[in-house]
Amino acid sequence: MKKIGLWLVSGFVCTCLMAAIARAEPADTVLLNGKIVTVDDQFKIARALAISGERISYVGSVQEARRLIGPQTRVIDLKGRTVIPGLIDNHTHFMRAAEYWDREVRWDGISSRKEALGMLRDKARTSKPGEWVLVLGGWSHEQFTDSQQPFTREELDQVLPDNPVILQLIYFRIYTNSKGLDALGLKDDAPDPRGGKLTRDALGRLNGVLDGGGSVRFALGKLPPLASPEHALAQARQLLADLNKMGMTTFMDYGGRGFSEKYFEPFRTLARERQLTARVFHAYWLQPESAPEVEPVLEKIRAMKPFQGDHWFDHLGYGETV
């Protein structure tokens, strides 16, 4: 009797599930014939997935997912490819990065120094003379397996004869070329930036290496501002599209030194117009650098009201450093 009862219950559940699917509205998008990594308690792998609006409405078999296909449904045959949950990065500086996203060369995952230099050369070829070529962090010498030699002014001059370049190593060093030194207004007799050091060769000539956090702040502060709000919007859209290609759907941004309201505006605009393609949450960076600056910062902190946004764009608190 117990076995019969279990079969009856199981059959009833399956019948109800089939009926629910049959009555369901057609989905907006259906993915078929894939490996859907659910990350549920059993870490099950499904074959199909359906999306309705902003929600996943079904995960399971291809046969049942087909029942959710209507005349307007977008159907994607995954042909065995894998679908994973959206990635969330809980500590980033992307809103500031958007300002120069179209000028950047990204060395993430590049293991050859020769290839890295080739990427700079390719960027220069597609840039106008005098336009900056930038690598703003995200790399280290140790990632290169062919050579870990520092970059020199002379080799950067050869690779980028008509464009100034900044290679930012973490937050403690800048490599640049002759065009870069000119654009930064640096001559051989230039004084060191506050908190930084301009290094020179044996003849006292600037060698294109700017050391120290003060040098990094100085160099980045000399980069030209965005041309227009429209350009800022285009940059933010492109950055988000590139993040989406890597599977990122949410990030938490912690601002950074020199961060200002202008960096929020493109993302606020996209959020207001419901055009964000990743959820964006942020903290406010307010870092006093002298005693008189402390009280004004404290006043701003007291006036903060986090959690006034929505699940697409919101302010979550104070950071990165306290």
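This write-up is about the structure you can find in this document. (Residues numbered from 1 in each chain as written. Predicted model: local features only at pLDDT ≥ 70, side-chain atom pairs only at ≥ 80, totals over all residues. Heavy atoms only, no water.)

This next bit is on the pairing of strand β9 (residues 133–136). Relative to strand β10 (residues 165–169), β9 is paired through 4 bridges, and the arrangement is parallel. Bridging from a neighbouring strand, Val135 pairs with Leu167 of β10. In this region the chain leaves β9, passes through helix α5 (residues 153–159) and returns to the parallel neighbour β10; the handedness of that crossover is right-handed. (Pairing = 2+ DSSP bridges. Helix = DSSP H or I, 4+ residues; strand = E, 2+ residues; numbered from the N terminus. Right-handed = clockwise from strand over helix to strand, strands pointing away.)

Here we take up the sheet that holds strand β15 (residues 279–284). Strand order in the open sheet made by the 4 strands is β8-β14-β15-β16, with parallel pairing throughout. Pairing within the sheet leaves two strands with one partner each, and these edge strands are β8 (87–92) and β16 (313–318). Ignoring which end each strand starts from, the neighbouring axes of this sheet average 20° apart. (Axes fitted to C-alpha atoms, helices over the stretch in contact; angles between N-to-C directions.)

This brings us to the pattern of salt bridges. In a structure, side chains of opposite charge can pair up when their charged atoms sit close to one another. A full pass over the atoms with the stated rule returns 16 salt bridges. Glu104 is paired through a salt bridge with Arg106; the nearest N and O atoms lie 2.9 Å apart. Between Glu295 and Arg302 there is a salt bridge, with its nearest N and O atoms 3.1 Å apart. Residue classification places Glu295 among the partly exposed residues on the basis of a relative accessible area of 40%. Judged by relative accessible area, Arg302 falls into the exposed class, the value being 53%. Each of the salt bridges in this network shares a partner with another, and the network as a whole consists of Glu104, Arg106 and Asp108. (Salt bridge = Lys/Arg side-chain N within 4 Å of Asp/Glu carboxyl O. Buried < 20%, exposed > 50% of the residue type's maximum accessible area, 1.4 Å probe, protein only.)

A separate point is the environment of Lys114. Note that Lys114 resides in helix α4 (residues 113–125). Overall, Lys114 belongs to the exposed group, its relative accessible area being 69%. Measuring from C-alpha to C-alpha, the distance between Lys114 and Asp189 comes to 32 Å, with 75 residues separating the pair along the chain.

Counting residues in each nonpolar core, the largest one holds 27 residues, and the members touching the most others are Met95, Leu239, Leu240, Phe251, Phe267, Leu276 and Val280. Secondary-structure elements contributing two or more residues to this core are α3 (94–97), α8 (229–245), β14 (248–253), α9 (265–272) and β15. A per-element tally of this core places α8 first, with 5 residues. When residues no more than four places from it in sequence are discounted, the contact partners of Leu240 are Phe251, Phe267, Leu270, Leu276, Thr277 and Ala278. Grouped together as the second largest cluster of nonpolar side chains are 20 residues, Ala124, Phe151, Leu156 and Val159 included. (Core = buried A, V, L, I, M, F, W, Y, C linked by side-chain atoms within 4.5 Å. Contact = heavy atoms within 4.5 Å.)

Attention now goes to the sheet that holds strand β12 (residues 197–200). Taken in spatial order, the 5 strands make up an open sheet running β9-β10-β11-β13-β12, and their pairing is mixed. The outermost strands of the open sheet, each flanked by one partner alone, are β9 and β12. Each neighbouring strand pair of the sheet contributes to a mean axis angle of 20°, computed without reference to strand direction. Sheet topology note: the strand β11 (residues 173–176)/strand β13 (residues 206–211) ladder contains 3 bridges and is antiparallel. Paired with Tyr175 across the two strands is Val209, which belongs to β13.

Attention shifts here to the packing of α8 against α9. Running from N to C, α8 and α9 cross one another at 75°; their axes reach a closest spacing of 9 Å. By the angle between their directions, the pair α8 and α9 is classed as roughly perpendicular. Where α8 approaches α9, its residues Ala232, Leu233, Ala236, Arg237 and Leu240 are matched on the opposing element by Pro266, Phe267, Thr269 and Leu270. When its residues are assigned to classes, the contact of α8 with α9 shows 7 nonpolar, 1 polar and 1 charged. (Parallel < 35°, antiparallel > 145°, perpendicular 65-115°, else oblique. Nonpolar A, V, L, I, M, F, W, Y, C, P; charged D, E, K, R; others polar.)

To continue, consider the side chain of Lys123. Locating Lys123 in the fold gives a position in helix α4. Comment: no salt bridge for buried Lys123; closest opposite-charge side chain is Asp102, at 6.5 Å. Excluding residues that lie within four positions of it along the chain, Lys123 makes contacts with Asp102, Arg103, Glu104, Val105 and Val133. (Lys, Arg positive; Asp, Glu negative; His and termini not counted.)

Our focus in this paragraph is α9. Residues of α9 that are buried include every one of Pro266, Phe267, Thr269, Leu270 and Ala271, and no others. In this fold, the buried residues of α9 make contact with α3, α8, β14, β15 and β16. Positive phi shows up at Arg274, right after α9, with a value of about 55°.

The subject of this paragraph is the side chain of Ser215. Within the fold, Ser215 resides in helix α7 (residues 213–221). A relative accessible area of 0% means that Ser215 is categorised as buried. A polar contact is formed between the side chain of Ser215 and the backbone nitrogen of Lys197, at a distance of 3.1 Å. Contact partners of Ser215, with chain neighbours within four places excluded, come to Ile174, Pro193, Gly195, Gly196, Lys197 and Leu210. (Polar contact = N/O pair within 3.5 Å; in protein donor to acceptor, adjacent residues only side chain to side chain.)

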